[in-house]
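Single-letter residue listing:
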Amino acid sequence: MTYDRQILEILTDVGEKGISVQLLSKHVFNKNASLFFMPNLEEIRTYVQQYLLKNSKSPSSLIESMDRRGYYRLNTQNNPDARQLMIEFREEHTIEEKEEKPSKDLSLDLFS
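Basis of the calculations
Each chain carries its own residue numbering, running from 1 in the direction its sequence is written. Where totals are concerned, whole chains, interfaces and linings use all residues; where local detail is concerned, this predicted model gives features only for residues with pLDDT of at least 70, and gives and counts side-chain atom pairs only at 80 or more. Side-chain metrics rest on all non-hydrogen atoms present in the structure, leaving aside hydrogens and water. Labels follow the DSSP assignment, with helices taken as runs of H or I lasting at least four residues and strands as runs of E lasting at least two, numbered in each case from the N terminus. Using a 1.4 Å probe on the protein chains alone, a residue whose accessible area is under 20% of its type maximum counts as buried, one over 50% counts as exposed, and one in between counts as partly exposed. We call two residues in contact when some of their heavy atoms are within 4.5 Å. For every accessible area listed, the method is Shrake-Rupley and the probe measures 1.4 Å; residues are considered covered only by the protein chains on display. Polar contacts, as used here, are pairs of N or O atoms within 3.5 Å; protein pairs need one atom able to donate a hydrogen and one able to accept it. Residues neighboring in sequence count only if both atoms are side-chain atoms. The nonpolar core is taken to be a set of buried Ala, Val, Leu, Ile, Met, Phe, Trp, Tyr and Cys residues, with the residues joined through side-chain atoms within 4.5 Å. By the convention used here, strands pair only if DSSP detects at least 2 bridges between them.

**Some remarks on the overall build of the protein chain**
Working step 1: What the protein chain contains, in helices and strands, is four helices and three strands.
Working step 2: Element order for the protein chain, N to C, with α for helix and β for strand: α-β-α-α-β-β-α.
Working step 3: A total of 112 residues make up the protein chain; the buried ones form 35% of that total.
Working step 4: For the protein chain, restricting intrachain contacts to residue pairs at least 6 apart in sequence, the fraction spanning at least 24 positions comes to 45%.
Working step 5: Of the roughly 8,400 Å² that the protein chain leaves accessible, carbon and sulfur atoms contribute 52%.

**Observations concerning the side chain of asparagine 55**
Working step 1: With respect to the secondary-structure elements, asparagine 55 resides in the loop between helix 3 (41–54) and strand 2 (63–65).
Working step 2: Engagement of the side chain of asparagine 55 in a polar contact is seen with the backbone oxygen of tyrosine 51, the distance being 2.9 Å.

**A few points about the environment of histidine 27**
Working step 1: Here histidine 27 lies in helix 2 (residues 21–32).
Working step 2: By relative accessible area, histidine 27 is classed as partly exposed at 36%.
Working step 3: Separated by 21 residues in sequence, histidine 27 and glutamine 6 have C-alpha atoms that sit 8.7 Å apart.
Working step 4: Residues in contact with histidine 27, not counting those within four places in the same chain, are Ile10 and Ile19.

**Digging into the nonpolar core**
Working step 1: Ile7, Leu11, Leu24, Val48, Leu52, Ile63 and Leu74 are the most contacted members of the largest nonpolar core, which totals 22 residues.
Working step 2: Listed by contribution, the elements that provide at least two residues to this core are helix 1 (2–14), helix 2, helix 3, strand 3 (71–74) and helix 4 (80–99).
Working step 3: Element by element, the count of residues in this core is highest for helix 1, at six residues.
Working step 4: Among residues more than four places away in sequence, those in contact with leucine 24 are Ile7, Ile10, Leu11, Ile19, Val48 and Leu52.

**Looking at the sheet that holds strand 2**
Working step 1: If you walk across this open sheet you meet the three strands as 1-3-2, and the pairing is antiparallel. Looking along the sheet, the strands with just one partner apiece sit at the ends: strand 1 (19–20) and strand 2.
Working step 2: Alignment of strand 2 against strand 3, held across three bridges, turns out to be antiparallel. Looking at the pairing, isoleucine 63 lines up with leucine 74 of strand 3.

In structure tokens form, the structure reads like this:
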């Protein structure tokens, strides 16, 4: 499902500091909300919570829970897949930034 990828992408963006389930759910909601479709925030929160619980059970899981209750991050210390995700998502962001072409300045020069 696309929620899985979005959750992992957001966890990659927040890095070592982690993110709360509530805030992560809001980010996923915002990524999927549009003018024509408004997903149910409570359903997304439940899905995110279940996904995080399912993928953070063992010390070598992809996601780890933090000392703060309800906060999660990618387990880059004990999971090579998490480290690989960090690299892949960072590469995607740098490629997207390079593809953006600067727009031509069409403003009038007041001093010429």
